Amino acid sequence: MEQKIVPNYYAKILVLQLLIVLLSGQYALGISNIDQSTKDSLSLKIKSFKNKGLDNSENTAYIDAVLALAKEYRYYNVDSLYNLTRKAQKLLIHADHPKGNYNVYFNYGVYYSDKGAFPKAIENLNKALDIAYNLDDDKLIASALNRLASQYQYGGDYEKSLMNYLKGLDFAKKSQDNDILSIINENIAHLYASQQEYDIALDFYKEVTEINKKLNNPVVTAQTLSNLASIYTEIGDTKQAMFHINQSINTFEQEEVYDWLAYSYSVKGEIYLKEGKEKWALYWLDQSKLLYNNNLDDKRGEIALYNNLSLAYMGTGSDSLATDYALKGLDIAKDIQSKEGQIDCAETLYKIFKEKEDYKRALCYHEIFTSLSDTLAKESNTKSLKLFKTQLKYDQQKKELILENEKKLAKQQNLITLALLVLIVLIAAAIPLYLNQKKLKKLYRELKIQAASLTEREKELESSNTTKDKLFSIVGHDLRGPIGALQGLLEMIISGDLGQQEANRFIRKAKTDVDHVLFTLNNILSWGRTQLNGGNTRPTTTNIYKLAENNLDFLDEMAAAKDIKIINDIAKASNAFIDENQIDLVLRNLISNAIKFTPNNGLITLESEESLNHIQIKIKDTGVGMDNATKEKIFKANTNFTTYGTNNEKGTGLGLSLCKEMIEKNNGKIWVESAPQKGSTFHFTVPKLSENLKKAS
């Protein structure tokens, strides 16, 4: 839970902000000394070598000091990183120092990555990896694989990224280096979070937290907390986000780790943006900007910062500043080829110019945003499945290792049998072989457990593929028609084949088709996410009467088109402990179905009935009703059963099976009472808000 800030603390913040503005020169000087102790130590070491005439290719300690100093400049002056690395590389031409060459190519990989030159970054990182393999150094291999995986992640190749992270994780475990173990686990968590697989990401963060306890390094722990805060911000859990970011900021301020402090300030500003507190967001974003403007060189961090500043200024009505910052962010994103950065900044610029009624420029940025978003959407449609396939592929390699060890075990067993026949002669050889057999059996048992896990994952993948095929089938079957009709109408209007009166009549029909497509997409996307991602339920205190009112407002036009009257008799104090989004979807589908199957001038009534632990909601209509055979089909999962409404309205067939799934996830039940030509009454129950829950909330 977020710690409360007492009024005196607000005063201190305001005074501190004033002092920073008044003493900006001193503050800038302090920032220029970021990590100065490490830099000074390395600089003195290099100077000492020079004074002694040891700054040459024969002194590998001097070369290592230059390369280490180069790494220290990464977030402060990336060109210095390149120049110092180049200097070391020239010395290494005449030196036998493979580890030095590893660090040269590693540094180049980092430099080209930060410059957005992805092919060169990957080329240099692969060279570093080859050297690490030749050295048979598990820690160096793990570090190179981790960096290479990060680069593939930046480039959007999530399959290669995850594969390299998993390989790196194995080498990190072999090296027993908790530093690199923590880093790789956290990067895998970030990879899953980028695909909105937050549950998997948080599982990896649990592993990171346990490793960090062993490290007992406050800075490493603070880095993890700041990244966790970013994930909680994306999820919308601002309390957890603020709790984690406050802890990390406190550590970074104490330890004077300014590159991470700049990032953490930016995250805290984003949290306040999420809460609609633009002025507080601006305060923390300005602190982040001060750090970036004073000797920090982190382009990816600047993109997020400038876009957040733009959104904050737009929220306070400062459109000019909002425009400037969004344009700055867009320029940097283009420079380093960051698609996500370009999408965020272009979307912000579209909103700014739309609000200013500069529709020409708004349309321009909307086209950029749409084009890039469509590209990413097409790429990301299979990314989630690719992650599982990559995990499966890697586990398959382990399965092959099991088979290989089974063969070795069988061969060893034969040797043992032979040894027993000549026990007296070969007793000295039989004992070591026996001990070796026990080790192999233990390994075999461990690998067999992994094989069982692999079989389970194969089943999950088959289920995911079935879900995907089902989803695509429904999209093609139920959305192609309305969209095709709309396309044909537009072509007729453009070509002038329709007069104005006819066009108006068809446009009203097109509007109905588009509304249907939108409603259908909402159902399909909700169903698809439920099937692919597990559909986690997050119950909160929710008023069902208000939820129903919101849906009646949404569906008012649909009901009015058929002159259907809808009465909401749900008790206004009907408070339940439910996932608001899931039950909102249930109400929308049930009310929409009632409208669909009720003839013109009909009546729909929403009622509630409370018991000790549950609230029962009833949705009655005076529609066409249904027979018993139909009632048995409508709630079945993985079916595409659908019928036409009284005005030939079309549905996906997903609505009621999805409603059943959502209700059951909220610990409720759903059923229907109906007869042909006598209307239908859909019932569902949800948990009532108990006294204990009221106190807890």
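Structure's up top.
Starting from 1, residues in each chain are numbered consecutively following that chain's sequence as written. Per-residue local features are limited, in this predicted model, to residues with pLDDT of at least 70; the limit for side-chain atom pairs, both in listing and counting, is 80 or more; totals at the level of whole chains, interfaces and linings are taken over all residues. The basis for every side-chain value is the complete set of heavy atoms in the structure, and neither hydrogens nor water enter the calculation.

Focus: the packing of aromatic side chains
Geometry of an aromatic ring pair is reported as the spacing of the ring centres plus the angle between the planes.
Moving on, step 1. Aromatic contacts are taken between Phe, Tyr and Trp rings whose centres are within 6.5 Å, Trp giving its six-membered ring; a plane angle under 30 degrees counts as stacked, one over 60 as edge-to-face, and the others as tilted. Per the counting criterion, the structure on display carries 18 aromatic pairs.
Moving on, step 2. Considering the side-chain rings of tyrosine 111 and tyrosine 112, the 5.2 Å spacing of their centres and the 70° angle between planes classify their relative orientation as edge-to-face. An identical accessibility class is assigned to tyrosine 111 and tyrosine 112; each is buried.
Moving on, step 3. Ring geometry for tyrosine 272 and tryptophan 280: centres 6.1 Å apart, planes at 25°, overall stacked. Per-residue accessibility, obtained with a 1.4 Å probe over protein chains only, is compared with the maximum for each type, and a residue is labelled buried under 20%, exposed over 50%, and partly exposed between these values.

Topic: the packing of helix α10 (residues 178–194) against helix α12 (residues 218–235)
Moving on, step 1. Here an axis means a line fitted to C-alpha atoms, over the contact stretch when the element is a helix, while the angle between two N-to-C directions is reported on a 0 to 180 degree scale. Strands here are runs of E lasting at least two residues and helices are runs of H or I lasting at least four, both read from the DSSP assignment and numbered beginning at the N terminus. Packing of α10 against α12 leaves a shortest axis separation of 11 Å and a crossing angle of 10°. For the element pair α10 / α12, the angle class is roughly parallel. Each of Ser182, Glu186 and Ala193 in α10 lies in contact with α12, whose residues at this interface are Val220, Gln223, Thr224, Asn227, Ile231 and Glu234.
Moving on, step 2. Only Asp, Glu, Lys and Arg are considered charged, only Ala, Val, Leu, Ile, Met, Phe, Trp, Tyr, Cys and Pro nonpolar, and every remaining residue, Gly among them, polar. Across the contact of α10 with α12, the residue classes tally to three nonpolar, four polar and two charged. Note that the term roughly parallel is reserved for angles under 35 degrees, roughly antiparallel for angles over 145, roughly perpendicular for angles of 65 to 115, and oblique for everything else. Note on definitions: a residue-residue contact is assigned when non-hydrogen atoms from the two residues lie within 4.5 Å.

Quick word on the nonpolar core
Moving on, step 1. In terms of nonpolar packing, the biggest core is built from 109 residues, with Tyr102, Ile184, Ile188 and Leu309 touching the most fellow members.
Moving on, step 2. Excluding residues that lie within four positions of it along the chain, isoleucine 184 makes contacts with Ala142, Asn146, Tyr165, Gly168, Leu169 and Ala172.
Moving on, step 3. What makes a nonpolar core is a set of buried Ala, Val, Leu, Ile, Met, Phe, Trp, Tyr and Cys residues whose side-chain atoms join them at distances within 4.5 Å. If you look at the next biggest cluster of nonpolar residues, it comprises 37 residues, including Ala548, Ile564, Phe635 and Phe684.

Brief notes about the pattern of salt bridges
Moving on, step 1. The rule for a salt bridge is simple: a side-chain nitrogen of Lys or Arg has to be within 4 Å of a carboxyl oxygen of Asp or Glu. The tally for this structure, following the rule as stated, stands at 16 salt bridges.
Moving on, step 2. Here arginine 538 ties to aspartate 199 by a salt bridge, and the two come within 3.8 Å at their closest N and O atoms. Within this pair, whereas arginine 538 is found in the loop between α23 (500–533) and β1 (540–543), its partner aspartate 199 is found in helix α11 (residues 198–215), the two being separated by 339 residues in sequence.
Moving on, step 3. A relative accessible area of 46% places arginine 538 in the partly exposed class.
Moving on, step 4. On the basis of relative accessibility, which here comes to 32%, the residue aspartate 199 falls in the partly exposed class.
Moving on, step 5. Linking lysine 277 and glutamate 275 is a salt bridge whose minimum nitrogen-to-oxygen distance equals 3.6 Å.

Some details on the environment of serine 80
Moving on, step 1. The residue serine 80 is located in helix α5 (residues 78–92) in this model.
Moving on, step 2. Distance in space between the C-alpha atoms of serine 80 and leucine 69 is 9.3 Å, their sequence separation being eleven residues.

Focus: the environment of leucine 215
Moving on, step 1. Tracing the backbone through its elements, the reader meets leucine 215 in helix α11.
Moving on, step 2. Taking the C-alpha atoms as reference, leucine 215 lies 9.7 Å from aspartate 177; in sequence the two are 38 residues apart.
Moving on, step 3. Residues contacting leucine 215, with those up to four places away along its chain left out, are Asn178, Asp179, Ser182 and Val220.

Some details on the pairing of strand β4 (residues 603–610)
Regular strands place side chains that alternate from one sheet face to the opposite one.
Moving on, step 1. With five bridges connecting them, strand β2 (residues 565–569) and β4 associate as parallel partners. Counterpart to lysine 565 in the pairing with β4 is leucine 603.
Moving on, step 2. Note: two strands are recorded as paired if DSSP finds a minimum of 2 bridges between them. In this sheet, strand β5 (residues 614–621) lies alongside β4 in antiparallel orientation, the contact comprising seven bridges. By the bridge assignment for β5, glutamate 610 is matched with isoleucine 615.

Any functional reading would require information beyond the geometric quantities listed.
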